Amino acid sequence: MDYRKVIVESWHSTQKSKSLIVWFGFLPALFTTTVGVFYMAYQFFAFKKSYLFEDADDSFFHDVVLFIWDFVKGHVSLTFPLILFAVFFGIFYFLVPTLARASAIQAIARRKNGQDAGAGTGLRHGIMSFLTLFEYHLLIKTFAFFSILFEMSFVLRNLGPVVFKMFLPVFILLLIISFMLTLLFTYTDFFIVIDDLGVFESMKKSAKLVIMNWKHTVLITILMLIIGIRVIIQAVLVLMVPSLIVLITGYITTIALPITSVIIGGVFGIISLLLAAYLNGIVDIFSYTVWTHTFLELSSEKEVSARDILIDDIGEKPHDYHGHKNLDN
């Protein structure tokens, strides 16, 4: 396998996939990035108010709940529309990224095989495997790398360094297991979406495909690094958005009216969010393309059984381990 060729072709294909970037990259990234911004902001202020820094009387979670309650009491007429918006946003957040992933994989695989497939074709076929893929993502979400990191931060922030050190070996073991499972189940999504297999059958075939293609460990490592770069980019962008909003709003407040600073900070925050989501969308589609092309190439190779007899270039059977030719009975 030409690793460089796979990555270069994937990048060229991504640049030509504007519709995929918009519908299956930017749109789901808009939801995930928004949630990421609020979650990272919450983690930042929660740590800031913890005993590690300020040792405040009340936790940041208490402040958030109190703020929401005061807002509800002071703006009763806005409560129902905001709750309705939050419900719809939550539904889209949980469903759209998985549906977009299935649709993107379908479109990319069909294009790779010479079919004329766009966003509509990908969506039409992606819907068919959506529920199975959603079930798989729910299954592995608990063992995700970042889920474990967030659990570690919760223990450190709320239970203290002593308890954290006690559980540290367990967390390290969980991180190792998470990495191994991520590696073994690399191709599960593609068996589900492309081959229309069930969750556990896809997990089994993915683990077998990874193990049987151990010579391509370098390729898998490169692909994992690509995913790592994507995560780093997302983390940086997620951190930049609230930071820029806070800095700009704070600066404008010192030289202008508070309402002006809020409006300018809000506009700038929305622009930053849209830009971050679009960049994340490009990286996501590129990642899907690399993995899809790799999956199609590796899964198309015929597995050689121990019973298969190989014939050399001149039509003879290979020699046995004593150096003699194998003879027919």
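Let me begin by describing the structure that accompanies this report. Everything numeric in this text was worked out from a predicted model, so none of it was measured.

## Examining the overall build of the chain
Line of reasoning, step 1. What the chain contains, in helices and strands, is 10 helices and 0 strands.
Line of reasoning, step 2. Taken from N to C terminus, the helices and strands of the chain fall in the order α-α-α-α-α-α-α-α-α-α.
Line of reasoning, step 3. A total of 329 residues make up the chain; the buried ones form 33% of that total.
Line of reasoning, step 4. Pairs at least 24 residues apart make up 72% of the contacts formed inside the chain by residues separated by at least 6 positions.
Line of reasoning, step 5. With an accessible surface of roughly 20,500 Å², the chain has 72% of that area assigned to carbon and sulfur atoms.

## Some thoughts on the packing of aromatic side chains
The geometry of an aromatic ring pair comes down to the distance between the two centres and the angle between the two planes.
Line of reasoning, step 1. Following the criterion strictly, the structure yields 19 aromatic pairs and no others.
Line of reasoning, step 2. Connected via pairs of aromatic rings, a cluster forms that spans Tyr187, Phe190, Phe191, Trp291 and Phe295.

## Concerning the side chain of Ser202
Line of reasoning, step 1. With respect to the element layout, Ser202 can be found in helix 8 (residues 199-212).
Line of reasoning, step 2. Ignoring sequence-local partners within four residues, the contact set of Ser202 consists of Thr188, Phe191, Ile192 and Leu197.

## As for the nonpolar core
Line of reasoning, step 1. Counting residues in hydrophobic clusters, the biggest one holds 19 residues, and the most contacted among them are Leu133, Tyr136, Tyr187, Phe190, Leu209 and Phe295.
Line of reasoning, step 2. Of all the secondary structure elements, the ones that give two or more residues to this core are helix 4 (76-112), helix 5 (119-141), helix 7 (188-193), helix 8 and helix 10 (258-299).
Line of reasoning, step 3. Core analysis: the next-biggest nonpolar cluster, separate from the first, contains 11 residues, Ile21, Ile282, Ile285 and Tyr288 among them.

## As for the environment of Leu95
Line of reasoning, step 1. Relative to the helices and strands, Leu95 is located in helix 4.
Line of reasoning, step 2. Relative accessible area serves as the criterion here: at 34%, Leu95 is assigned to the partly exposed category.
Line of reasoning, step 3. C-alpha of Leu95 to C-alpha of Phe130: the two residues are 35 residues apart in sequence and 8.9 Å apart in space.
Line of reasoning, step 4. In this structure, Leu95 is in contact with Phe130 and Phe134, ignoring residues within four places of it in sequence.

## What about the packing of helix 2 (residues 18-48) against helix 4?
Line of reasoning, step 1. The interhelical angle for the contact between helix 2 and helix 4, taken along N-to-C directions, is 150°, at an axis separation of 9 Å. Judged on the interaxial angle alone, helix 4 and helix 2 are roughly antiparallel. Seen from above, helix 2 lies across helix 4 with left-handed handedness. Residues Ser19, Leu20, Trp23, Phe24, Pro28, Phe31, Thr32, Thr34 and Val35 of helix 2 pack against Phe89, Phe92, Tyr93, Val96, Pro97, Ala100, Ser103, Ala104, Ala107, Ile108 and Arg111 of helix 4.

## Structural notes on helix 8
Line of reasoning, step 1. The terminal C-alpha atoms of helix 8 lie 20 Å apart, and with 14 residues this matches the ideal 20 Å at 1.5 Å per residue to within 8%.
Line of reasoning, step 2. Those residues of helix 8 that sit buried are Val199, Ser202, Met203, Ser206, Ala207, Leu209 and Val210. Down the axis of helix 8, the buried side of the element spans an arc of 160°, and every buried residue falls inside it. Across from the buried face of helix 8, at angles greater than 90 degrees, the exposed residues are Phe200, Lys204 and Ile211.

## A word on unusual backbone geometry
Line of reasoning, step 1. One non-glycine residue, Asp196, adopts positive backbone phi at about 60°.
Line of reasoning, step 2. Looking at the element boundaries, Asp196 is found in the loop between helix 7 and helix 8.
Line of reasoning, step 3. Its relative accessible area of 59% is what places Asp196 among the exposed residues.

## Considerations on the pattern of salt bridges
Line of reasoning, step 1. Summed over all chains, the structure comprises 5 salt bridges.
Line of reasoning, step 2. Linked through salt bridges whose partners overlap, the residues forming this network are Lys5, Glu9 and Lys112.

## Topic: helix 5
Line of reasoning, step 1. Its 23 residues give helix 5 an end-to-end C-alpha distance of only 27 Å, which falls more than 12% under 33 Å, the value for a rise of 1.5 Å per residue.
Line of reasoning, step 2. The largest bend along helix 5 measures about 50° and falls at Ser129.
Line of reasoning, step 3. Among the residues of helix 5, Ala119, Thr121, Gly122, Gly126, Ser129, Phe130, Leu133, Phe134 and Tyr136 are the ones counted as buried.
Line of reasoning, step 4. Buried residues along helix 5 sit in contact with helix 2, helix 4, helix 7 and helix 8.

## Some points on a nonpolar patch on the surface
Line of reasoning, step 1. A cluster of nonpolar residues, Val22, Trp23, Leu27, Leu275, Tyr278 and Leu279, forms a patch on the protein surface that exposes about 540 Å² of accessible area.
Line of reasoning, step 2. Elements that contribute at least two residues to the nonpolar patch include exactly helix 2 and helix 10.

## Things to note about the environment of Phe45
Line of reasoning, step 1. By secondary structure assignment, the location of Phe45 is in helix 2.
Line of reasoning, step 2. When its relative accessible area of 31% is taken as the criterion, Phe45 is described as partly exposed.
Line of reasoning, step 3. It is 9.3 Å that separates the C-alpha atoms of Phe45 and Phe61, two residues lying 16 residues apart in sequence.

## Let's talk about the packing of helix 5 against helix 8
Line of reasoning, step 1. It is at 10 Å that the axes of helix 5 and helix 8 come closest, and there the two elements cross at 70°. If you check the angle between helix 5 and helix 8, you find them roughly perpendicular. Helix-helix and strand crossings are classified by hand; for helix 5 and helix 8 the assignment is right-handed. Two secondary-structure elements touch here, helix 5 through Thr132, Glu135, Tyr136 and Leu139 and helix 8 through Val199, Phe200 and Met203.
Line of reasoning, step 2. Residue composition of the contact of helix 5 with helix 8, grouped by class: 5 nonpolar, 1 polar and 1 charged.

Cut-offs and rules
- Residues numbered from 1 in each chain as written.
- Predicted model: local features only at pLDDT ≥ 70, side-chain atom pairs only at ≥ 80, totals over all residues.
- Heavy atoms only, no water.
- Helix = DSSP H or I, 4+ residues; strand = E, 2+ residues; numbered from the N terminus.
- Buried < 20%, exposed > 50% of the residue type's maximum accessible area, 1.4 Å probe, protein only.
- Contact = heavy atoms within 4.5 Å.
- Areas by Shrake-Rupley, 256 points an atom, 1.4 Å probe, with all protein chains shown as cover.
- Phe/Tyr/Trp six-rings, centres within 6.5 Å; stacked < 30°, edge-to-face > 60°.
- Core = buried A, V, L, I, M, F, W, Y, C linked by side-chain atoms within 4.5 Å.
- Axes fitted to C-alpha atoms, helices over the stretch in contact; angles between N-to-C directions.
- Parallel < 35°, antiparallel > 145°, perpendicular 65-115°, else oblique.
- Left-handed = near helix turned anticlockwise from the far one by under 90°.
- Expected span 1.5 Å × (residues − 1).
- Arc of directions from axis to C-beta.
- Salt bridge = Lys/Arg side-chain N within 4 Å of Asp/Glu carboxyl O.
- Bend = angle between axes of the 7 residues up to and from the residue.
- Patch = residues over 30% accessible without salt bridge, like charges linked within 9 Å, V, L, I, M, F, W, Y side chains within 5 Å.
- Nonpolar A, V, L, I, M, F, W, Y, C, P; charged D, E, K, R; others polar.

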